[in-house]
Amino acid sequence: MSGTVRAGLVFGLAGVFAFLGGLMLPIPCVNFVLAFGSLIALGWGAGNTAAKTTGAAAGQGVGRGLTAGAIAGTIVLIGSVLVFLLVQYIPGVRDQVNAAMQQAAQQNPEAGNVDAGAMLGLGLGIAGFMCGIINFILMLIGGAIGGMMWKGAPAAAYVPAGGSAVPNQTYSSMDQPYGGTPNQGYRDPGEPGGARVYDPNDPNRPQ
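Keep in mind that this is a model prediction, so the values were computed, not measured.

**Details of the overall build of the chain**
Looking only at helices and strands, one finds 5 helices and 0 strands in the chain. In the chain, the order of α-helices and β-strands from amino to carboxyl end is α-α-α-α-α. In the chain, which comprises 207 residues, the share counted as buried stands at 29%. Sequence separation of at least 24 residues holds for 69% of the intrachain contacts in the chain that already meet a minimum separation of 6. For the chain, the exposed surface amounts to about 13200 Å²; the carbon and sulfur share of it is 65%.

**Details of the packing of aromatic side chains**
Counted according to the given criterion, the structure contains 2 aromatic pairs. Ring centres of Phe32 and Phe36 lie 6.5 Å apart, and the angle between their planes is 15°; this geometry places the pair in the stacked category. Placement of the pair is Phe32 and Phe36 together in helix α2 (residues 30-53), with a separation of 4 residues, close to one helical turn. By relative accessible area, which is 22% here, Phe36 ends up partly exposed. Ring-pair connections join several aromatic residues into one group, and the members of that group are Phe19, Phe32 and Phe36.

**Quick notes on unusual backbone geometry**
In the Ramachandran plot, Cys29 falls in the positive-phi region, its phi being about 70° despite a non-glycine side chain. Topologically, Cys29 is positioned in the loop between α1 (3-23) and α2. Residue Cys29 is classed as exposed on the basis of its relative accessible area of 60%.

**Remarks on α1**
With 21 residues, α1 extends 30 Å between its outermost C-alpha atoms, agreeing within 8% with the 30 Å of an ideal straight helix rising 1.5 Å per residue. Of all the positions in α1, only Gly3, Thr4, Ala7, Gly8, Phe11, Gly12, Gly15, Val16, Phe19 and Gly22 are classed as buried.

**Some points on the confidence of the model for the chain**
In low-pLDDT segments, the atomic positions of the prediction should not be examined closely. Looking at the chain as a whole, the pLDDT averages 77, with 65% of positions reaching at least 70. In the predicted structure, residues 171-180 sits below a pLDDT of 50 and forms 18 contacts with residues beyond four places in sequence or in another chain.

**With respect to the nonpolar core**
Residues Phe11, Phe19, Leu39, Val76 and Met139 are the most contacted members of the largest nonpolar core, which totals 17 residues. For this core, the elements supplying multiple residues, two or more each, are α1, α2, α3 (61-86) and α5 (116-148). Discounting residues that sit within four places of it in the chain, Val76 has contacts with Gly12, Gly15, Val16, Leu39, Asn135 and Met139.

**Overview of the packing of α1 against α3**
Taken N-terminus to C-terminus, the directions of α1 and α3 make an angle of 35°; their axes are 7 Å apart at the nearest point. In this structure, α1 crosses over α3, and the sense of that crossing is right-handed. Residues Thr4, Val5, Gly8, Leu9, Phe11, Gly12, Leu13, Gly15, Val16, Phe19 and Leu20 of α1 pack against Arg64, Thr67, Ala68, Ile71, Ala72, Ile75, Val76, Gly79, Ser80 and Val83 of α3. For the contact of α1 with α3, the per-class residue count stands at 13 nonpolar, 7 polar and 1 charged.

**With respect to the side chain of Ser80**
Along the chain, the position of Ser80 falls in helix α3. Note on Ser80: relative accessible area 2%, which makes it buried. Aside from chain neighbours lying at most four places away, what touches Ser80 is Phe19, Gly128, Gly132 and Asn135.

Thresholds, definitions, all that
The residue numbers shown here count from 1 along each chain, following its written sequence. Under the rules for a predicted model, residues below a pLDDT of 70 receive no local features and side-chain atom pairs below 80 are neither given nor counted, while totals for whole chains, interfaces and linings still include all residues. Working from all heavy atoms in the structure, the side-chain values ignore hydrogens and water. Labels follow the DSSP assignment, with helices taken as runs of H or I lasting at least four residues and strands as runs of E lasting at least two, numbered in each case from the N terminus. Only protein chains enter the calculation, and the probe is 1.4 Å; a residue is then buried if its accessible area is under 20% of its type maximum, exposed if over 50%, and partly exposed in between. The criterion used for residue contact is that any of the two residues' heavy atoms lie within 4.5 Å. Residue burial considers only the protein chains on display, and all accessible areas are found by Shrake-Rupley using a 1.4 Å probe. Only the six-membered ring of Trp is used, alongside the rings of Phe and Tyr, when aromatic pairs are assigned; centres must lie within 6.5 Å, and planes under 30 degrees apart are stacked while those over 60 apart are edge-to-face, with the rest tilted. Between the first and last residue of a helix there are one fewer steps than residues, each counted as 1.5 Å, and that sum is the expected span. pLDDT runs from 0 to 100 and stands for how confident the predictor is about each residue. Side-chain atoms within 4.5 Å are what join buried Ala, Val, Leu, Ile, Met, Phe, Trp, Tyr and Cys residues into a set we call a nonpolar core. Angles run from 0 to 180 degrees between N-to-C directions of axes, and those axes are lines fitted to C-alpha atoms, restricted for helices to the stretch in contact. Whether a crossing is left-handed or right-handed is set by the direction in which the near helix is turned from the far one by less than a right angle, anticlockwise for left-handed and clockwise for right-handed. As a working rule, the residues Ala, Val, Leu, Ile, Met, Phe, Trp, Tyr, Cys and Pro are called nonpolar, Asp, Glu, Lys and Arg charged, and the rest polar, with Gly in that last group.

Next comes the structure, spelled out in structure tokens:
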């Protein structure tokens, strides 16, 4: 499993619980702000984590952030529909809907009998889907922002053949013909400790 998919799954599941927890707060308006705000924050986390764990280079973070945000947003969308559908099973909700439907039928007898359970499930399903679309968009935006804020993985230092990783410094075996090292300067063969080089055509060279 790639880092992008993993980040989308983890932050998507966290988004479902964060959204549900925010809606359950008994403070009007504040609960919606926390519910939707948490999705943007988690979308940002998904995008930034995806770009970081996959080692995205500069310019690749936005694409991977969008992908992670889309995966997380899809999970939150499905979760939103399920959460709204489960509302009808809360004790007292179906009874209140049935009472409202009976009252409406008495005021308008021509409407006929309507299945309150089916109407409630359909209405909650549509509401959950519309809310899920908003959640998906928020996660997608958060993922794009998180990926965009990733500065990119540091580029590896290029070392040319026979060269040095230190800027403006190269080393070649031709620079040290008498057995020197890259950290040593030129050493005359006549100096003490220097390697002597003899002319193979010299008749006086030692055997």
